[in-house]
Amino acid sequence: MLKELIYLGCGIEKKITHKLASLVEEGKKEYEDKDIVDIGIEHLKKRKNQVDKLFSNEMKEFADELGLATKQDIEELKNLLKK
């Protein structure tokens, strides 16, 4: 179990690193023909959203792989216990 968990963590790290590298490359392409302040503001907003989605999705997959309970699972369990 521990071995699989370590492999899973390494796999997630590599996947995130690869995706972040592609985001950096995409960001470099956006710098052409724009004012530097506009580029900075646009870049920060776009990258924040992309990184938030990336980590959110990766953490969800990680939790699913481990079989961790979700908020919905806990709420359903609470409702069953109330009955």
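See the structure above.
Residues numbered from 1 in each chain as written. Predicted model: local features only at pLDDT ≥ 70, side-chain atom pairs only at ≥ 80, totals over all residues. Heavy atoms only, no water.

S.K.: Before we go on, may I ask you to explain the pattern of salt bridges in this structure?
M.R.: A pair can form between side chains of opposite charge whenever their charged atoms are brought close. As enumerated under the stated definition, the model contains 6 salt bridges in all. With its nearest N and O atoms 3.4 Å apart, the salt bridge here joins E61 to K15. You can see E61 sitting in helix α2 (residues 36-66) and its partner K15 sitting in helix α1 (residues 2-30), a full 46 residues away along the chain. Using a relative accessible area of 39% as the deciding quantity, one classes E61 as partly exposed. What makes K15 partly exposed here is its relative accessible area of 34%. (Salt bridge = Lys/Arg side-chain N within 4 Å of Asp/Glu carboxyl O. Helix = DSSP H or I, 4+ residues; strand = E, 2+ residues; numbered from the N terminus. Buried < 20%, exposed > 50% of the residue type's maximum accessible area, 1.4 Å probe, protein only.)

S.K.: What exactly am I supposed to notice about the environment of D64 here?
M.R.: Relative to the helices and strands, D64 resides in helix α2. Sequence separation between D64 and L54 is 10 residues; the distance between their C-alpha atoms is 15 Å.

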